[in-house]
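Structural features, examined
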Amino acid sequence: MNRRAFLALAVATAAWADEPALRVIPIKAHKFEFVPAEIGLKLGEPVVLEFTTEDVHMGFDAPALGLHADIVPGRVARVPFTPSKEGSFEFACDVFCGSGHEEMGGVVIVRA
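Attention here is on the structure that accompanies the text. These numbers were taken from a predicted model, which means no experiment stands behind them. (Residues numbered from 1 in each chain as written. Predicted model: local features only at pLDDT ≥ 70, side-chain atom pairs only at ≥ 80, totals over all residues. Heavy atoms only, no water.)

Considering the packing of aromatic side chains
On inspection of all chains with the given rule, the structure shows four aromatic pairs. On the numbers, 5.2 Å between centres and 75° between planes, the contact of Phe34 with Phe91 is edge-to-face. In this pair, Phe34 is assigned in strand E2 (residues 33-35) and Phe91 in strand E8 (residues 87-92), connecting sequence segments 57 residues apart. Taken as a pair, Phe34 and Phe91 share a single burial class, namely buried. Cluster of aromatic residues (ring-pair linked, three or more members): Phe34, Phe51, Phe60 and Phe91. (Phe/Tyr/Trp six-rings, centres within 6.5 Å; stacked < 30°, edge-to-face > 60°. Helix = DSSP H or I, 4+ residues; strand = E, 2+ residues; numbered from the N terminus. Buried < 20%, exposed > 50% of the residue type's maximum accessible area, 1.4 Å probe, protein only.)

Encoded structure:
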């Protein structure tokens, strides 16, 4: 590796290393609940919502926050998000997953 390439790599690595790691929030979708059903976030803090399920195809929809994810068994759905407004925002499963589907939801609470 020549000197310029090495220096460019060193600068890029140093800049990347200085960035704080995003907080990952694991969320499991089960028939017929999200765990956790209440997600607390800090205003302006970037996070990644990480969805998994072992059941059937499900969905996550928080329309007031503009968030959506398809949650497929055996895959991880990652949704990066930085809250820009305070409040309580409901979310729900938006893919019919059985007879308890209507009750499957929760709330994202964003505080300063």
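Observations concerning the pattern of salt bridges
Evaluation of the coordinates by the stated rule reveals two salt bridges. Across the pair Arg23 and Glu45 runs a salt bridge, and its minimum N-O distance is 3.4 Å. Placement of Arg23 in strand E1 (residues 23-30) and of Glu45 in the loop between strand E3 (38-42) and strand E4 (47-53) is noted, with a sequence separation of 22 residues between them. Arg78 is the partner of Glu50 in a salt bridge, and the nearest nitrogen-oxygen pair spans 2.4 Å. With Glu50 in strand E4 and Arg78 in strand E7 (residues 77-81), this pair connects stretches of sequence that are 28 residues apart. (Salt bridge = Lys/Arg side-chain N within 4 Å of Asp/Glu carboxyl O.)

Details of the nonpolar core
Grouped together as the largest cluster of nonpolar side chains are 26 residues, with contacts concentrated most on Phe34, Ile39, Leu41, Leu49, Phe51, Phe60 and Leu67. Residue assignment for this core shows that the elements contributing at least two residues are E1, E3, E4, strand E5 (58-62), strand E6 (67-71), E7, E8 and strand E9 (105-111). In this structure, Phe60 is in contact with Phe34, Leu49, Phe51, Leu67, His68, Ala69, Ile71, Phe91, Ala92 and Asp94, ignoring residues within four places of it in sequence. (Core = buried A, V, L, I, M, F, W, Y, C linked by side-chain atoms within 4.5 Å. Contact = heavy atoms within 4.5 Å.)

With respect to the sheet that holds E7
Spatially, four strands are ordered E2-E1-E4-E7 in an open sheet, and the strand pairing comes out mixed. Strand pairing shows two members of the sheet lacking a second neighbour, E2 and E7, which therefore form its edges. Each adjacent strand pair in this sheet contributes to an overall mean axis angle of 25°, direction not counted. Both E1 and E4 contribute to a ladder of seven bridges, which runs parallel. If you follow Lys28 over to E4, its bridge partner there is Thr52. (Pairing = 2+ DSSP bridges. Axes fitted to C-alpha atoms, helices over the stretch in contact; angles between N-to-C directions.)

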